[in-house]
Amino acid sequence: MSSAGPPPPGSPAEAVPLQWLPCGLVEHFKWLCYRSAEAGARIAQRRQAEAADAAFIGLAHASMLEHCPCDGLGPATRKLLQLLPWGALLARSDEAARQRHDAMLAELLQVQDLAPALKARLNEVVQSLAELVSRVCLHPSRDLSAEWGLLTRCVWDAHQCYWRHPPWRGVNLGGWLLLEAGPSYELWNEVTGAEEGEEEAEGEGEEDGEE
């Protein structure tokens, strides 16, 4: 009996998990996360018309996410990405919604066509936007530092889902090559004070010569 040969190229046995996703797909996923969380917040506020508007826009992004070309992304995983954001905000206050959301997240973490780091970043986008909408819409505060931190984290995680190039590394030479009054105010005052004194002395000398 002859043994089976190596799998043909491109077969599932040779499939490599995706390290990145197309930029367009990530952007639609990010806006789906935001609009679905907004719809949940408006429902909690009993603002049904605004909830319907947000849900409609979220569905549009979900549809675009379904049709974005991405080689190697299976239909089951794509469907999970469409459904996962919808329960993220409700999971924070409803036990049944939390269990459904956790089960869906566990299912996403088990898929084989996404690399572990990519799955973690996608989940961070979902969670950070749900928390951001919760803070802004349901629990507003005058101090927006936490909200800005969540927004920054979301943008960075989404960026890492599609940016394939190595990070740029550099050095800021501004503090070495430029002298500004703010960081070096003591030296600045000494120099400007000396210059003003010289100008006054020159002006007095000119006046004495005219007399």
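Let me sum up the structure you'll find in this document. In this text the structure is predicted, and so the values were computed from the model without any measurement.

## Concerning the environment of Cys70
So, point 1. Tracing the sequence through the fold places Cys70 in the loop between helix 2 (48-67) and helix 3 (75-83).
So, point 2. Separated by 48 residues in the primary sequence, Cys70 and Pro22 place their C-alpha atoms 6.7 Å from one another.
So, point 3. The residues contacting Cys70, other than those within four sequence positions of it, are Leu18, Leu21, Pro22, Leu25 and Arg78.

## Side note on the state of the cysteines
Cysteine pairs can be covalently joined through their sulfur atoms, and such a bond is termed a disulfide.
So, point 1. Counted under the stated rule, the structure contains zero disulfides.
So, point 2. Left unpaired, Cys161 is separated from the closest cysteine sulfur, that of Cys154, by 9.4 Å.

## Thoughts on the environment of Met64
So, point 1. Relative to the helices and strands, Met64 is located in helix 2.
So, point 2. Given the relative accessible area of 43%, Met64 is considered partly exposed.
So, point 3. A C-alpha to C-alpha distance of 9.0 Å links Met64 and Phe29, two positions 35 residues apart in sequence.

## Thoughts on the nonpolar core
So, point 1. One finds Leu21, Phe29, Leu114 and Leu122 to be the most contacted residues of the largest nonpolar core, which totals 36 residues.
So, point 2. When contributions to this core are tallied by element, the ones reaching two or more residues are helix 1 (23-44), helix 2, helix 3, helix 4 (95-109), helix 5 (116-138) and helix 6 (145-160).
So, point 3. If you tally residues by element for this core, the top one is helix 5, at nine residues.
So, point 4. Ignoring any residue separated from it by four or fewer positions in sequence, one finds Leu122 in contact with Leu21, Phe29, Leu81, Leu114 and Cys161.

Criteria and thresholds
Residues numbered from 1 in each chain as written. Predicted model: local features only at pLDDT ≥ 70, side-chain atom pairs only at ≥ 80, totals over all residues. Heavy atoms only, no water. Helix = DSSP H or I, 4+ residues; strand = E, 2+ residues; numbered from the N terminus. Contact = heavy atoms within 4.5 Å. Disulfide = S-S within 2.5 Å. Buried < 20%, exposed > 50% of the residue type's maximum accessible area, 1.4 Å probe, protein only. Core = buried A, V, L, I, M, F, W, Y, C linked by side-chain atoms within 4.5 Å.

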